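Structural description and commentary
Spelled out from the first residue to the last, the chains are:
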Amino acid sequence: MYHVVLTNRYLTSRVIPLIAVGAVALCAALVMIVVSVMSGFLDMVRDSGRTLMGDVVIELAVEGIPYYEDLIERIEALDESEAASPLVDSFGMLQMPYPQGDNKQSEYVQFWGIEPESFARVTGFADTLYWRELDDHERRTAPVWDLRRQLTPQVLKDGLALRDSRSDRPGIVLGMHVSKANERMPEGGYHPMGDGYWWMPAFDVTLVTIPSRTVGGQVEPESFIFPVVNEFVSGVFQIDDVRVKIPLEVGQRMLHLDEAELVDPDDPFTVIGADPARVSKILIRAADGVSPDRLRDRVIRLYDEWVMEYAERDDLFVMPPAREFGLSIRTWEQVQARFIGPVEKERDLMRILFSIVYVVCAALVLTIFWAIVHEKTRDIGILRSVGCSRIGISLIFLRYGLVIGVLGSVVGLILAFLIVRNVNTIHDAIGRDAPVWSWLTAFGFAVVSLMMTILAARRERMLPIVLWSLGTIAMFGLGVILLLHRGTLVWDPTVYYFDAIPNTLDVPNAIVTMIGAIVFSVLGAFIPAAKAADTDPVEALRYE
Amino acid sequence: MSEPSRTTPTTAAPPTPPTGADFILRAHEVHKTYRMGRVDVPVLKGASMDVRQGEWIAVLGASGCGKSTLLHLLGDLDQSDPGRGEIFFEGEPINRRTRSQRNRYRNRTVGFVFQFYHLLPELNVLENTFIPALVGLTRFSYHAKRPEIHRRAEALLQSFGLGDRLKHRPQELSGGERQRVAIARALMNQPRVLLADEPTGNLDENTGGEILDLLAEQHRAGLTIVMVTHDRSIAGRADRIVELSRGRVITID
Ligand SMILES: Nc1ncnc2c1ncn2[C@@H]1O[C@H](COP(=O)(O)OP(=O)(O)OP(=O)(O)O)[C@@H](O)[C@H]1O
Ligand SMILES: [Mg+2]
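Residues numbered from 1 in each chain as written. Chains lettered and ligands numbered in written order. Predicted model: local features only at pLDDT ≥ 70, side-chain atom pairs only at ≥ 80, totals over all residues. Heavy atoms only, no water.

All names here are of chain A. Along the chain, Ser118 turns up in helix α4 (residues 116–122). Classification of Ser118 as buried rests on a relative accessible area of 2%. Within the structure, Ser118 has its side chain in polar contact with the side chain of Glu115 (distance 3.0 Å). Discounting chain neighbours no more than four positions away, the residues touching Ser118 are Ala84, Ser85 and Pro86. (Helix = DSSP H or I, 4+ residues; strand = E, 2+ residues; numbered from the N terminus. Buried < 20%, exposed > 50% of the residue type's maximum accessible area, 1.4 Å probe, protein only. Polar contact = N/O pair within 3.5 Å; in protein donor to acceptor, adjacent residues only side chain to side chain. Contact = heavy atoms within 4.5 Å.)

Below, the structure written as structure tokens:
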């Protein structure tokens, strides 16, 4: 029973336990905040990668995959897959509507010819389209210049269908950074230059490309004029900067991957069969709970069976290529390896950094408890002399560490939650000039503590003089800093390509951190206490 | 009361087998050696001493001669060199017991009073006094015994003139008051023997006298006391004085 009495007294009759709770809380909060924000960023990068192309990609670049509709039907019938979508892709130049005058600028683009409906089922295409009506909440918070305030639902519909409803022509959707007229605003969000004049969906653009399949001889470029129907933001700059999306049929036609008649090479007027339409990629989305790797393995098996089946048909001139001939079936991570690689490296690096933060915090907590318990060595000797057992004494400090650890980690969790939740607000506040009241208050406090210093000096009390003059300096300094502070955005959205700093607390990590904080508090208190309980009572009593 | 050994004036009694009955506490040829780095420093070199039930015995000796060491051995706060000498309580060797029996011995059978009081700074006077009574209690049995424990501690402190200081912290008390709290704590569990290590060593003569009066009162009530001191006049308050010199108990007064 003495454990309870002593633990309670040790906890309540000194300031040290409060300091320890504060230290544990700060350490825990530090770890939680850093990990939440950093892994939030990494997740954003990964998610955006996945949003772009689904889970598994079948790819055969130049030649293209024939009979893809049949293949897609079979893939979609798999339990492991949710949806599949064909696409053709290549490079081209896009003649932009700007600048004014005759000499229009061209941008280098990578175009994807997609089937919008199935593409939206496989990827996050629908969510990436930027020009859409604002909902009521967004309307309240959006800046006044935001063009989206004036949009009708038709813009989003046209974007999703890749079709301009006014002219009834196939449309194009551009990555947000393809048009150099789109400006990213400090508040987040985009605004076309010329106060909205260069809003791309109001213009036509011309796409020029070289077909992938030609019969030899001179290569004629293909071009097509598209009305811009929408723009998309994937969140990854490298993609938003070059990618555009057009309807699949148009892409196939431009690349000469559409269905054609197969003629006898010796006699171009004799049709010997049909050359089926082709696509260069098939994107597949995994069913819920199926890993990309599992889906890939399944698709590989299916593909091989499919090729075998076609090989037995004798009514066809064109056979689907076996996997050995340049056709690849890979998960999106494999496809994006060059892009994901650095991110993974970064994640590893962050893990090392996190573990350093962890180790430092753990060491800090251990040291604090070590110091507190060490100071109690004599008490331990006294307790031994009145007959307390070693286990009983160790229990006192076990409890002590436990209470502080639990309190500290709960306070830390609350702290971390509040900070992470409001990280963008805090960041915005740093980004603005300090309000007048803030530095006025600081100077006010400076004056007050200056007066307290003078008062203390009159009474010739050393500690108050030191403390109050430090307070004066600190408050004056703070005032000057606030007064001189000019908003600097640490996370400038015009430079970095995520709108906002991730603001969700990483819950599993928070739980691990809380457990860690408690474990280290308990160990920090328990180890020196066990050591002290083991020392000779006489020795312990000698401790001053 | 008259033992043959009492009349032997100059050196300690030769080893006599423990007889039990008369002696409540007995040190028999105990050796204690401290190790200082690579050197062994023998402090007790075969000290023997008998404490009778109900007597007040003073152990006199120069500073550093090992008085505290001997007292710690008697109270089982420390152990003698293995195999070299033994401490008997009521005829039973105390160093051959289990850990929990030894904790119990320190808790119930003996009570310690130190020169530097050794109170727990975070506890108030009342709590410092009753802490030995809480040892071994579960939360449940504590609630059952709580009134009784509080009553006894309060009564002890009352009789020591500290009735109005129950909620004070040790730091708020004078040396004499602190030592009275320490004695109250030592008596809390009604021990058989009180072991006092220079209980007046830190106090002025008047205050020290008051402490000795208090001990005398307990002694009259039947308490066995072993008191260590280097002051001959203080030792004079005891029934009997033994002297420790060169690691042995040499005179038996
Ligand atoms: N832990 C220890 N390590 C080494 N030497 C020790 C230790 N404890 C005590 N000693 C030595 O043993 C001797 C006896 O110490 P002890 O405290 O028993 O003396 P004392 O008679 O009580 O002295 P005092 O009257 O000053 O309290 C001293 O010389 C001391 O230096
Ligand atoms: Mg001593």
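Moving on from the model shown.
Moving on: the sheet that holds strand β2 (residues 39–52) of chain B. All names here are of chain B. The four strands lie next to each other as β2-β1-β4-β5, forming an open sheet whose pairing is antiparallel. The strands lining the two open edges of the sheet, one partner per strand, are β2 and β5 (92–93). Against the sheet, helix α2 (residues 67–74) contacts β1 (23–36), β2 and β4 (86–89), and its axis sits at roughly 125° relative to β1. (Pairing = 2+ DSSP bridges. Axes fitted to C-alpha atoms, helices over the stretch in contact; angles between N-to-C directions.)

Right, let's talk about the confidence of the model for chain B for a bit. If pLDDT is low for a region, its predicted coordinates should not be looked at in detail. Residue and element names in this part refer to chain B. Averaged over every residue, the pLDDT of chain B is 87; the share at 70 or more is 91%. Note that pLDDT drops below 50 for residues 1–15; the model gives that stretch 20 contacts with residues more than four away or on any other chain. Overall fold confidence for the complex sits at a pTM of 0.68, while the interface term, ipTM, reaches 0.88. (pLDDT = per-residue confidence, 0-100.)

What follows concerns a negative patch on the surface. Together, Glu69, Glu73, Glu115 and Glu249 of chain A give the surface a local cluster of negative charge. Looking at the secondary structure, you find Glu69 of chain A in helix α3 (residues 68–77). (Patch = residues over 30% accessible without salt bridge, like charges linked within 9 Å, V, L, I, M, F, W, Y side chains within 5 Å. Areas by Shrake-Rupley, 256 points an atom, 1.4 Å probe, with all protein chains shown as cover. Salt bridge = Lys/Arg side-chain N within 4 Å of Asp/Glu carboxyl O. Lys, Arg positive; Asp, Glu negative; His and termini not counted. Charge placed at Lys NZ, Arg CZ, Asp CG, Glu CD.)

Among the 14 residues in the neighbourhood of ligand 1, the closest are listed as Arg542 of chain A together with Ser63, Gly64, Ser68 and Thr69 of chain B. Flanking ligand 1 are residues from chains A and B. Within the side chain of Ser63 of chain B, an N or O atom sits 2.5 Å from an oxygen atom of ligand 1. One nitrogen or oxygen atom from the side chain of Ser68 of chain B is found 2.6 Å from an oxygen atom belonging to ligand 1. Protein chains bury 71% of the 630 Å² of accessible surface belonging to ligand 1 in isolation. Going through the elements one at a time, α19 (537–542) of chain A together with β1 and α2 of chain B are the ones with two or more residues in the shell around ligand 1. A total of three residues in the shell around ligand 1 trace back to one element, the largest contributor, which is α2 of chain B. For the shell around ligand 1, the class distribution of residues is five nonpolar, five polar and four charged. (Near = heavy atom within 4 Å. Nonpolar A, V, L, I, M, F, W, Y, C, P; charged D, E, K, R; others polar.)

A word on the interface of chain A and chain B. Chain A puts 26 residues into the contact, and the matching count from chain B is 29 residues. Seen at the junction of chain A and chain B, the total is three salt bridges. Among the salt bridges present, the one from Arg9 of chain A reaches Glu127 of chain B, with a minimum N-O distance of 2.4 Å. Where the side of chain A that touches chain B is concerned, the elements lending two or more residues are α1 (2–12), α13 (377–385), α14 (390–421) and α19 of chain A. Within the side of chain A that touches chain B, the residues separate by chemical class into 13 nonpolar, four polar and nine charged.

Attention now goes to helix α7 (residues 205–220) of chain B. Residue and element names in this part refer to chain B. Taking 1.5 Å of rise per residue, the 16 residues of α7 would be expected to cover 22 Å, and the 22 Å separating its terminal C-alpha atoms lies within 8% of that figure. Inspection of α7 places Thr207, Gly208, Gly209, Ile211, Leu212, Leu214, Leu215, Ala216, Gln218 and His219 among the buried residues, and these make up the whole buried set. Contacts from the buried residues of α7 go to β3 (56–60), α6 (175–187), β7 (193–197), β8 (224–229) and α8 (232–235). The first or second residue beyond α7 is Gly222, which carries a positive phi of 110°. (Expected span 1.5 Å × (residues − 1).)

The next point concerns unusual backbone geometry. Omega for the bond connecting Tyr98 of chain A with Pro99 of chain A falls within 30 degrees of zero, at -10°, which places this linkage in the cis form. Of note, Pro99 of chain A is situated in the loop between β3 (81–95) and β4 (106–114). The phi angle at Arg246 of chain B is positive, at roughly 50°, despite the residue not being glycine. Secondary-structure assignment places Arg246 of chain B in the loop between β9 (240–245) and β10 (248–252). On the accessibility criterion, Arg246 of chain B (73% relative accessible area) is exposed.

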